[in-house]
There are 4 protein chains.
Amino acid sequence: MDFAFDEKTEDYRKRLLAFMDEYVYPAEAGYEQAYQGDWAPPAELERLKAQAKLAGLWNLFLPGSHGAGLTNLQYAPLAEITGRSPIIAPPSLNCAAPDTGNMEVLAEFGTEEQQDRWLRPLLDGTIRSAFAMTEPQVASSDATNIGTRIARDGDEYVITGRKFYISGAMNPRCQIFIVMGKTDPEAARHVQQSMILVPRDTPGVTVQRGMTVFGYDDGDHGGHAEVIFDEVRVPISNLIGSEGSGFAISQARLGPGRIHHCMRLIGMAERALELMCTRALTRTPFGKPLAEQGVVQEWIAESRVRIEQARLLVLKAAWLMDTVGNKGAHTEIQSIKIIVPSTTEWIIDKAIQTYGAAGVGQDTPLARLWATTRTLRLADGPDEVHKRSLARRELNRYRSA
Amino acid sequence: MDFAFDEKTEDYRKRLLAFMDEYVYPAEAGYEQAYQGDWAPPAELERLKAQAKLAGLWNLFLPGSHGAGLTNLQYAPLAEITGRSPIIAPPSLNCAAPDTGNMEVLAEFGTEEQQDRWLRPLLDGTIRSAFAMTEPQVASSDATNIGTRIARDGDEYVITGRKFYISGAMNPRCQIFIVMGKTDPEAARHVQQSMILVPRDTPGVTVQRGMTVFGYDDGDHGGHAEVIFDEVRVPISNLIGSEGSGFAISQARLGPGRIHHCMRLIGMAERALELMCTRALTRTPFGKPLAEQGVVQEWIAESRVRIEQARLLVLKAAWLMDTVGNKGAHTEIQSIKIIVPSTTEWIIDKAIQTYGAAGVGQDTPLARLWATTRTLRLADGPDEVHKRSLARRELNRYRSA
Amino acid sequence: MDFAFDEKTEDYRKRLLAFMDEYVYPAEAGYEQAYQGDWAPPAELERLKAQAKLAGLWNLFLPGSHGAGLTNLQYAPLAEITGRSPIIAPPSLNCAAPDTGNMEVLAEFGTEEQQDRWLRPLLDGTIRSAFAMTEPQVASSDATNIGTRIARDGDEYVITGRKFYISGAMNPRCQIFIVMGKTDPEAARHVQQSMILVPRDTPGVTVQRGMTVFGYDDGDHGGHAEVIFDEVRVPISNLIGSEGSGFAISQARLGPGRIHHCMRLIGMAERALELMCTRALTRTPFGKPLAEQGVVQEWIAESRVRIEQARLLVLKAAWLMDTVGNKGAHTEIQSIKIIVPSTTEWIIDKAIQTYGAAGVGQDTPLARLWATTRTLRLADGPDEVHKRSLARRELNRYRSA
Amino acid sequence: MDFAFDEKTEDYRKRLLAFMDEYVYPAEAGYEQAYQGDWAPPAELERLKAQAKLAGLWNLFLPGSHGAGLTNLQYAPLAEITGRSPIIAPPSLNCAAPDTGNMEVLAEFGTEEQQDRWLRPLLDGTIRSAFAMTEPQVASSDATNIGTRIARDGDEYVITGRKFYISGAMNPRCQIFIVMGKTDPEAARHVQQSMILVPRDTPGVTVQRGMTVFGYDDGDHGGHAEVIFDEVRVPISNLIGSEGSGFAISQARLGPGRIHHCMRLIGMAERALELMCTRALTRTPFGKPLAEQGVVQEWIAESRVRIEQARLLVLKAAWLMDTVGNKGAHTEIQSIKIIVPSTTEWIIDKAIQTYGAAGVGQDTPLARLWATTRTLRLADGPDEVHKRSLARRELNRYRSA
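Thresholds, definitions, all that
Residues numbered from 1 in each chain as written. Chains lettered and ligands numbered in written order. Predicted model: local features only at pLDDT ≥ 70, side-chain atom pairs only at ≥ 80, totals over all residues. Helix = DSSP H or I, 4+ residues; strand = E, 2+ residues; numbered from the N terminus. Buried ≥ 20, exposed ≤ 12 C-beta atoms within 10 Å, placed from the backbone. Contact = placed C-beta atoms within 7 Å. Least-squares fit on C-alpha atoms with pLDDT ≥ 70 in both. Nonpolar A, V, L, I, M, F, W, Y, C, P; charged D, E, K, R; others polar. Arc of directions from axis to C-beta. Expected span 1.5 Å × (residues − 1). Bend = angle between axes of the 7 residues up to and from the residue. Domains from an automatic or database assignment. Pairing = 2+ DSSP bridges. Axes fitted to C-alpha atoms, helices over the stretch in contact; angles between N-to-C directions. Parallel < 35°, antiparallel > 145°, perpendicular 65-115°, else oblique. Left-handed = near helix turned anticlockwise from the far one by under 90°. Core = buried A, V, L, I, M, F, W, Y, C linked by C-beta atoms within 7 Å. UniProt positions renumbered as here; feature names shortened; annotations may be inferred.

Turning to the overall build of chain A, a few remarks are in order. Per the secondary structure count, chain A includes 12 helices and eight strands. Burial status across chain A gives 61% buried among its 401 residues. Taking the intrachain contacts of chain A between residues at least 6 apart in sequence as the baseline, contacts between residues at least 24 apart amount to 73%.

Here you go:
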């Protein structure tokens, strides 16, 4: 047992921390204001991407030859650092959801043709993508609920359905959707679904409106779209994997995705704690700095302890994914999905409280960090679904006994 | 001891509930969409105001001859009902903050001239007003911190300072500000402040920008403005009360204000619980309605119990204000300020969780209700300040012993 | 709506408060030490009972002509006061569980013979009683689970079963048990059970051992016995009510019982808060009284707010029982069962924390108050059962809609 | 970074788990009943100690040549296992507090004579010891508060003071006390204290009474004594280290002590979770196993996640102590002191709730585990003191910036 990062990780951390200081934090101040209301990131982002490529900080998330070749355990602390500035840093490094998961899917399950057509420009950062799973009418935590149909018709598939909260899909540079739907509603529960590639400009695709997240439209990273698929036709070669493999691919996709989300959340929690401390040292109501008030001290101490616990669990989950595979890491992946968003939410809430009115507005990053974090308590299935599943596995240990 | 409403209250409740059903709830669907981006409420509001006047549901908040003449205990359950639709119902009845508090101040402390000029149109609902206390540079929970200066210069006062989160002030119909500032920074701690009337169009007043609350700008009820006062000159007759009376008037203003906020929050909590229940009955992930899942049942039961407790405490605080005065009700007023926002926040959070992604967006009122509620944990001073003050009074009971 | 106590209540409160000061608190110091290890209360108790009779503070709990004739709303604040010294005050006033519930049952459902034989001496305080419902093998929250059999055999009933946590039953003065069992296991779910009177000295009754509650055997108020009924025979005239009425009677018994428990818990919470405050004022680690530390202040303020909320809800439940009956007060009775023990537990926990090691030991009443309170989170059915039931009723409001 | 145990640890774990199965768990059933009321462990313990020696599971806690020579990181998972049966396993392996800490002090700071006289028999398990620091009159979390005097008088020290909650000191086999007191109340704050060896039979030592922990006197592992030192004289050679070194030695002693406590608490939490799961699988109120009820599943999932987080943080703290020393591990040691007792308390509370009445009594280990755990939230200083200290260090990171 050893709690030190390896040399490669330390090297990447050093370079990434320098990149944050030199490029990312300075870009924060004007970033939201530079947004043009066109659902595309400010132009500044392209400059940051170029710098990240130069710095060798590109596609860090992707194992294997397509990406930087890091293990999950090596990437995790880097994802944490990008989480400190979650609007700017991940896309600057081409490490932003949902592209990351989509690239993983294409790298692992895509045909050569699919990789040439879509993976390559995604790896290059010249286009963006979206992952269209969530639907308004059904609880998407239960994949068997999905209403979208993918019906074979000769050499084509015909896609019909309604999706919402499709992150990034408002961005005009988002050119390709991976759509989850049912190819065979009569098949066994977990082989009804398939994933299929749908170019944004296919007839029948309507990007209807941007959904909000506690008032934010997140326009500067592509929003969250409601998208209608009305008898959309694509060639059968657009199917990813085989018919019925959609659920299995989505599970494969979610493992690393959760690690990444959780690590970024740790970074967000660290940022919030830093903001809480600096505020506490400078704000002096009633003649005494907040930093000397017991309740604020309790928040700070609790935050530190909770962050350390959460980070270790995320790192262990990453280590297990690397050593025994996603399946062997199932309990730990589910555990971090359960604990990290709520932990980070708690910390940001306390940071907001130290800022008073300023904490809920646009002059600190806190309110927006909060909205993102709160949403992750229900994205990919609400916490409650994961708790139930985890509890069942725990109980099973005693069932056979 | 008697927990039944009196006859007058029951009559008002009946009429108000009918008004909600007939006018308010039907207006909800199109209201936000009707907003023109001009920081003014949608035109629909004027129609609702006319109906409320006709229905005898106007200025209910105001005791005495200027208003409906209800006691706090009579008004509280009516405010609760308006809280079920907090964007639309309160202004429809001319019972929306901050006008309510401002009208109270003018009714109680205003000169005849001030009442003629500003109270009358406010009571008629032809103009709106704002209350400019909070400042970005200092913790406003500590009134002695206030940086804005109100300096006497001959027959005028000269006002210089920066305020933010001035609710309603972005609304072009908001014509008058009550500004809190220091007339004598050298005086004893609680007599340094004064309140003064500043018409919006006075030279030197700049309504700088709208502040956000989580992602909301609340444009449809006048936003929350940053306002700069740069050597703004008003006649000395604009002073409310005497020099140094600002802190005392603000305390008088806050008592009923908190009751109103808290009662509306109870209504918001009831609305959220209703939404949680209806969702739980209709949403069926994994083949079982949410309504049959233990965790959701626990949320519902906890919500019911917490709401009942909170409502009773608010009603008792109102009763005390009526029977022993605001000062005698100090502990209870502070208690509801502490407990009601956090209780309501908890309930809305759980309602959101039952809605999944839909809960954080624009298709249910929940996310916006949440943002409002969260903000009330820090408006009028963060909970922590009130807890400290309440604890000291509790401890004092044992000090003399 | 009126939050003031009526005159009669105020009169009783005044006299009871005086009795507490003159007799009860002074008896506390030596009480536990005076306990002889014989499962009977210290002799001092008889002196206190005599004084309470003289003071007209006897059988206050019992409505109607058998008792003091108070309403639930009038008795509730008196029960609260006795809860401040829960080992001594309730039995001193002949208002201690389980006798109170048993007397209610006998007064309401007992035959004249049963009343003469058992109710009279209980009302006089010359004997004690026990209520034998809970069983070790089944979840007693579900009455249909009960395993004890009450089988008719000619002119007798034959009782066989095992009960535990039968409070008061170790006390040699406890002469009569009301036993819950099944007379007809094949009947409909809620009419299988009956209650029957079993004198302690009946052959086949074995009072096996005292059960502990977090290490306490509660010997000074009769302990909590495991009792075995092995073919115990009693005349059929010992049946209370009719066969199959056991569940209904137990529900009738529980309503007031919960009010009493909850009101005493409010008194216990007040006592704990008082102890917390006095400790905080006198303990000075690191050169500053605990009373000036923010975290302790937060505990005190939270405690005050929670107590006020809980008390109002208990009082409202009592008022409803008086005005619309136990059934109409169902939600509120269940609500206080859910919220009051956990609230009081939280407060006592914080009080313990201010005392450090002294808080967990025998030199303050806190640890024992805590153990009692914690147990009430599961006595009469765990909180979770009540929450589920309450949630269902809440959901039903929207089902028909 | 590597989350696997090393080979040596795995070997010890395997042997210890076998020892638990073969000797410890089977001894549990009759252990408390075998206790003779003499404040000494049941005779069975000596047999277990002999077996542990044979199994090479003796003095595992002690690094260096006196003990098993394990690192903190190696010992931690073994301490966890002993925590599953915390009354029996630790003393069986001669790894029970307070002897462990006392042996560490003697091994590190004792003179050769002190080691011969006291360390040797402690290592052999032929005597027990106590650590006399806590005092009833002062907050012991603040060492400068200590009231006990250790006054030099020629060749002797004269000790006068009152201590309480001296664990193990009621045990007649407890022959030696390490007493903390002030040799120089006028010295600088942290060099006023010294530690001194006081044999139990020294004139002037009165072991006054056993203190309780919730209702437990913990007689079967030596109780918690109030001890009076009334002009007790010992030779100056009994001083440990030099005058004024008491605080520094106590800090050195507390580091490993906290790790041990926390690791045992993890084991207690695992035991409670196991009991919760087995109960949930077999208890079937209302026709459905507790294991299928959502609220119970939530408890189980939360417990698993919290345990994993807490364990990792304890292990990291152990690793830091081994790699950068106790001082470098300060934040992590304090963190586990803050989080582990409250985490374990939460889990045991939920386990109790699944057992209903049986959970608070003597037929499961839960209630006693709870009492021990709750007490650790205030032993060695209440959580609040540690949070304040940790917060200050966190804030200091931003002070210099």
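The rest of the description comes next.
Turning next to the relation of the copies chain A and chain D. Mapping chain A onto chain D is achieved by rotating through 180° and translating by 0.0 Å along the same axis, at an RMSD of 0.0 Å. A rotation of that kind, with that shift, is consistent with a two-fold axis. The share of interface residues of chain A whose copies in chain D are also at the interface is 100%, consistent with both copies meeting through the same surface.

Before going further, it helps to spend a moment on the environment of B:Pro235. All names here are of chain B. With respect to the helices and strands, Pro235 occurs in strand 7 (residues 224–235). Classification of Pro235 by C-beta neighbours within 10 Å gives exposed; the count is 11. In sequence terms Pro235 and Ile196 are 39 residues apart; their C-alpha atoms lie 9.7 Å from each other. The contacts of Pro235, once residues within four sequence positions are left out, are Asp155 and Glu156.

Our focus in this paragraph is the relation of the copies chain D and chain B. Placing chain D over chain B gives an RMSD of 0.0 Å and needs a rotation angle of 180°, together with 0.0 Å of translation along the axis. By residue overlap, the copies meet face to face through one surface: 100% of the interface positions of chain D are interface positions in chain B.

What follows deals with the interface of chain D and chain B. In this complex, chain D contributes four residues to the contact, which on the side of chain B involves four residues. Grouping the constituent residues of the side of chain D that touches chain B by class yields one nonpolar, two polar and one charged.

A few words on helix 2 (residues 44–54) of chain A. All names here are of chain A. Buried within helix 2 are the following residues: Leu45, Leu48 and Ala52. All buried residues of helix 2 fall inside an arc of 60° around its axis, so they share one side. Facing away from the buried side of helix 2, by more than 90 degrees, are the exposed residues Glu46, Ala50 and Leu54. Backbone geometry just after helix 2 places Gly56 at a positive phi near 70°.

By a frequent convention, interface size equals the accessible area lost on bringing the separate parts together. Contact residues are listed per partner, giving 39 residues for chain A and 39 residues for chain D. Mapped onto the side of chain A that touches chain D, the elements with two or more residues apiece are helix 7 (246–282), helix 8 (294–328), helix 9 (330–355) and helix 12 (383–399) of chain A. For the side of chain A that touches chain D, the per-class residue count stands at 23 nonpolar, five polar and 11 charged.

Right, let's get into helix 7 (residues 246–282) of chain D. All names here are of chain D. Relative to the 54 Å expected for 37 residues at 1.5 Å per residue, helix 7 spans 53 Å between its end C-alpha atoms, a close match to the ideal helical length. Largest kink in helix 7: about 25°, centred on Leu254, with the proline Pro256 one to four residues after it. Burial analysis of helix 7 places 28 of its 37 residues in the buried class, the great majority of the element.

Here we come to the domain arrangement of chain A. Residue and element names in this part refer to chain A. Domain boundaries assigned for chain A yield domain 1 (7–124), domain 2 (128–243) and domain 3 (247–399). Domain 1 and domain 3 are separated by 21 Å when their C-alpha centres are compared. Across the boundary between the two partners, domain 1 contributes 20 residues, which contact 22 residues of domain 3. Counting only elements with at least two residues in the side of domain 1 that touches domain 3, the list comes to helix 3 (72–83) and helix 5 (99–109). A per-element tally of the side of domain 1 that touches domain 3 places helix 3 first, with eight residues.

With that out of the way, let us pick up the pairing of strand 7 of chain B. Residue and element names in this part refer to chain B. Here nine bridges tie strand 3 (residues 156–167) to strand 7, and the two strands are oriented antiparallel to one another. Within strand 7, the residue paired with Ser167 across the bridge is His224. Taken together, the five bridges between strand 6 (residues 205–210) and strand 7 define a ladder with antiparallel strand orientation. Of the residues in strand 7, the one forming a bridge with Arg209 is Glu226.

Looking along the chain, the bond that leaves B:Ala97 and enters B:Pro98 is cis, with omega of 0°. Mapped onto the secondary structure, B:Pro98 falls in the loop between helix 4 (89–92) and helix 5 (99–109). One non-glycine residue with positive phi stands out, namely B:Glu231, at about 50°. Note on placement: B:Glu231 falls in strand 7. By the C-beta count within 10 Å, which is 12 here, B:Glu231 ends up exposed. Positive phi is not limited to glycine here, since D:Tyr165 has a value of about 55°. Looking at the element boundaries, D:Tyr165 is found in strand 3 (residues 156–167).

This part takes up the packing of helix 1 (residues 7–34) of chain D against helix 3 (residues 72–83) of chain D. Residue and element names in this part refer to chain D. Two elements in contact, helix 1 and helix 3, have axes whose closest approach is 9 Å; the angle formed by their N-to-C orientations is 15°. If you check the angle between helix 1 and helix 3, you find them roughly parallel. Regarding helix 1 and helix 3, the two cross each other, and that crossing is right-handed. Only Gln74, Pro77, Leu78 and Ile81 of helix 3 make contact with helix 1, whose side of the interface consists of Lys8, Thr9, Tyr12, Arg13, Leu16, Leu17 and Met20. When the residues that make up the contact of helix 1 with helix 3 are grouped by side-chain class, the tally is seven nonpolar, two polar and two charged.

A few words now on the nonpolar core. A:Val314, B:Val314, C:Val314 and D:Val314 are the most contacted members of the largest nonpolar core, which totals 531 residues. Beyond its immediate chain neighbours, meaning those up to four positions away, A:Val314 contacts A:Ala76, A:Ile259, A:Cys262, A:Met263, A:Ile266, A:Ile336 and A:Val340.

The next thing to look at is the packing of helix 1 (residues 7–34) of chain C against helix 2 (residues 44–54) of chain C. Residues and elements named next belong to chain C. Orientation of helix 1 relative to helix 2, taken along the N-to-C sense of each, is 170°, at an axis distance of 10 Å. The angle between helix 1 and helix 2 places the two elements in the roughly antiparallel class. Residue-level contacts link Phe19, Tyr23, Ala27, Tyr31 and Ala34 of helix 1 to Glu44, Leu48, Gln51 and Ala52 of helix 2. Along the lines of polarity and charge, the residues of the contact of helix 1 with helix 2 split into seven nonpolar, one polar and one charged.

With that settled, consider the environment of A:Ile166. Residue and element names in this part refer to chain A. For Ile166, the location among the structural elements is in strand 3 (residues 156–167). A count of 25 C-beta atoms within 10 Å places Ile166 in the buried class. Between the alpha carbons of Ile166 and Tyr23 there is a distance of 29 Å; along the sequence they are 143 residues apart. The residues contacting Ile166, other than those within four sequence positions of it, are Ala130, Ala132, His224, Ala225 and Val227.

Here we take up the UniProt feature "domain: Acyl-CoA oxidase/dehydrogenase middle" (unreviewed entry) in chain A. The UniProt feature table records "domain: Acyl-CoA oxidase/dehydrogenase middle" (unreviewed entry) at residues 130–231 of chain A. End C-alpha atoms of residues 130–231 of chain A are separated by 19 Å, and the span's content is 0% helix alongside 49% strand.

Residues and elements named next belong to chain B. By the element assignment, Pro172 lies in the loop between strand 3 and strand 4 (174–182). Among the residues examined, Pro172 registers 12 C-beta atoms within 10 Å and is labelled exposed. When the C-alpha positions of Pro172 and Pro41 are compared, they lie 9.9 Å apart, and in sequence the two are 131 residues distant. Sequence-distant contacts of Pro172, that is, excluding residues within four places in its chain, are made with Trp39 and Ala40.

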